[in-house]
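Take a look at the letters that make up each chain.
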Amino acid sequence: METNILYTHKELVEQSKLGDRNSQYKLYELYVDAMYNISMRMVRIKEDAEDIVQDSFVEAFNKLDSFKYESTFGSWLKRIIINKSINHLKKRRILATPIDDQMYRIKAEDNEDEAPVMEIKKVIKGIRLLPAGYQQIISLYLIEGYDHIEIGEILNISSSTSKSQYHRAKKKLIEIVKTL
């Protein structure tokens, strides 16, 4: 049954591959809001997110022949959106917060279950107050659901760097939220 999920909107995708503008528009309408939200969470500037979404759809439709149903169309498009958002941030020189030359070890947190329950509005506000690099890691890991290996590939960093950045970002977020 999971295989059927990969073929969500297959008819629209196949018609779009043939250049059918109506099918492309229907796909656009199905995904534009979700893709805009993803980009907006990352770049935080409405006009930039809108441009990224438009460029991403153009690229997706131009490269639709490379889409082979190895994932859902939405996942494939989401990867394009995230990559374009990250490239946009890199152009603006907002990179992941650098770590020292030291190697960090992340110990397992024993008290995960005891984490304080925080109001979602405070957490959202706290995320917005994080340095841009920390926001990226938090967004990719917690909101977009990527694992550290995928984040490492997306940001061109090691998975251990992704883990350490995530733990630092989480610690900083908790500190910020406590002050709100």
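Quick summary incoming for the structure in this document.

What counts, and where the lines are drawn
Numbering of residues starts from 1 in every chain and runs along the sequence as written. It should be noted that, the model being predicted, local features are given only for residues of pLDDT at least 70 and side-chain atom pairs only at 80 or more, the latter also being counted only at that level, while totals for whole chains, interfaces and linings use all residues. Water and hydrogen atoms play no part in the side-chain values, which are based on all heavy atoms of the structure. Working definition: helices are DSSP H or I runs of at least four residues, strands are E runs of at least two. Numbering for both runs from the N terminus. Helix span, as expected, comes to 1.5 Å for every residue beyond the first. Here's how the labels work: a residue is buried when its accessible area is under 20% of the maximum for its type, exposed when over 50%, partly exposed in between, all with a 1.4 Å probe on protein chains only. Any pair of residues with heavy atoms lying within 4.5 Å of one another is described as a contacting pair. Cavity and pocket criteria rest on a 1 Å grid covering protein atoms alone: a 1.4 Å probe that fits but cannot get out defines a cavity, protein on both sides within 12 Å along at least 5 of 7 lines defines an open pocket, and an atom within 4 Å of a point defines a lining residue. Grid points are joined across faces, edges and corners, and a volume is the space filled by probe spheres set on the points. As a working rule, the residues Ala, Val, Leu, Ile, Met, Phe, Trp, Tyr, Cys and Pro are called nonpolar, Asp, Glu, Lys and Arg charged, and the rest polar, with Gly in that last group. All axes are obtained by fitting lines to C-alpha atoms, using only the stretch in contact for helices, and the reported angles, taken between N-to-C directions, cover 0 to 180 degrees. Small angles under 35 degrees read as roughly parallel and large ones over 145 as roughly antiparallel, with 65 to 115 read as roughly perpendicular and the rest as oblique. Left-handed describes a crossing whose near helix is turned anticlockwise from the far helix by less than a right angle; the clockwise case is right-handed. Identification of polar contacts relies on pairs of N or O atoms within 3.5 Å, with a donor-acceptor requirement for protein atoms, meaning one able to donate a hydrogen and the other able to accept it, and with residues adjacent in sequence counted only if both atoms are side-chain atoms.

A few words now on helix H5 (residues 73-91). Residue pairs spaced three or four apart in an α-helix point in one direction, given the helix's 3.6 residues per turn. Between its terminal C-alpha atoms H5 stretches 27 Å, which fits the 27 Å expected from 19 residues at 1.5 Å a residue. Within the span of H5, buried status applies to Phe73, Gly74, Trp76, Leu77, Lys78, Ile80, Ile81, Ile82, Ser85, Ile86, His88 and Leu89. Packed against the buried residues of H5 are helix H2 (10-17), helix H3 (21-43), helix H4 (46-62), helix H7 (132-143) and helix H8 (148-155).

Bringing the layout of surface pockets into the picture now. Roughly 290 Å³ of internal volume is contained in the second largest pocket. Lining the second largest pocket are 13 residues, and of these Arg41, Ile124, Ile127, Arg128 and Ile143 lie nearest its centre. Of all the secondary structure elements, the ones that give two or more residues to the lining of the second largest pocket are H3, helix H6 (120-129) and H7. Considering each element in turn, the lining of the second largest pocket owes the most residues, five residues, to H6. Of the residues in the lining of the second largest pocket, the class split is seven nonpolar, three polar and three charged.

Moving on: the environment of methionine 42. Within the element layout of this structure, methionine 42 appears in helix H3. Taking relative accessible area as the criterion, methionine 42 reaches 7% and is therefore assigned buried. Apart from the residues lying within four places of it in its own chain, the contact partners of methionine 42 are Ile82, Ser85, Ile86, Leu89 and Leu140.

This part is about the packing of H7 against H8. Taken N-terminus to C-terminus, the directions of H7 and H8 make an angle of 135°; their axes are 10 Å apart at the nearest point. The orientation of H7 with respect to H8, classified from their angle, is oblique. With respect to the hand of their crossing, H7 and H8 are arranged in right-handed fashion. Where H7 approaches H8, its residues Gln136, Ile137, Leu140 and Tyr141 are matched on the opposing element by His148, Ile151, Ile154 and Leu155. Residues that form the contact of H7 with H8 fall into these classes: six nonpolar, two polar and no charged.

Here glutamine 135 is to be found in helix H7. In this structure the side chain of glutamine 135 is engaged in a polar contact, spanning 3.4 Å, whose partner is the backbone oxygen of isoleucine 127. A polar atom in the side chain of glutamine 135 sits 3.1 Å from the backbone oxygen of arginine 128. Among all residues touching glutamine 135, those that are not within four sequence positions of it are Arg44, Ile127, Arg128, Leu129 and Leu130.

Turning our eyes to something else, we now look at the packing of H6 against helix H9 (residues 159-179). Axis angle and axis distance: for two packed helices, these are the angle between their axes and the distance between the axes, and together they describe the pair. Orientation of H6 relative to H9, taken along the N-to-C sense of each, is 120°, at an axis distance of 9 Å. When the axis of H6 is compared with that of H9, the two are oblique. Two packed elements cross with a definite hand, and for H6 against H9 that hand is right-handed. Note on element contacts: H9 touches H6 through Leu173, Ile176 and Val177, opposite Lys122, Val123, Gly126, Ile127 and Leu129.

Geometric values such as these leave the question of function open.
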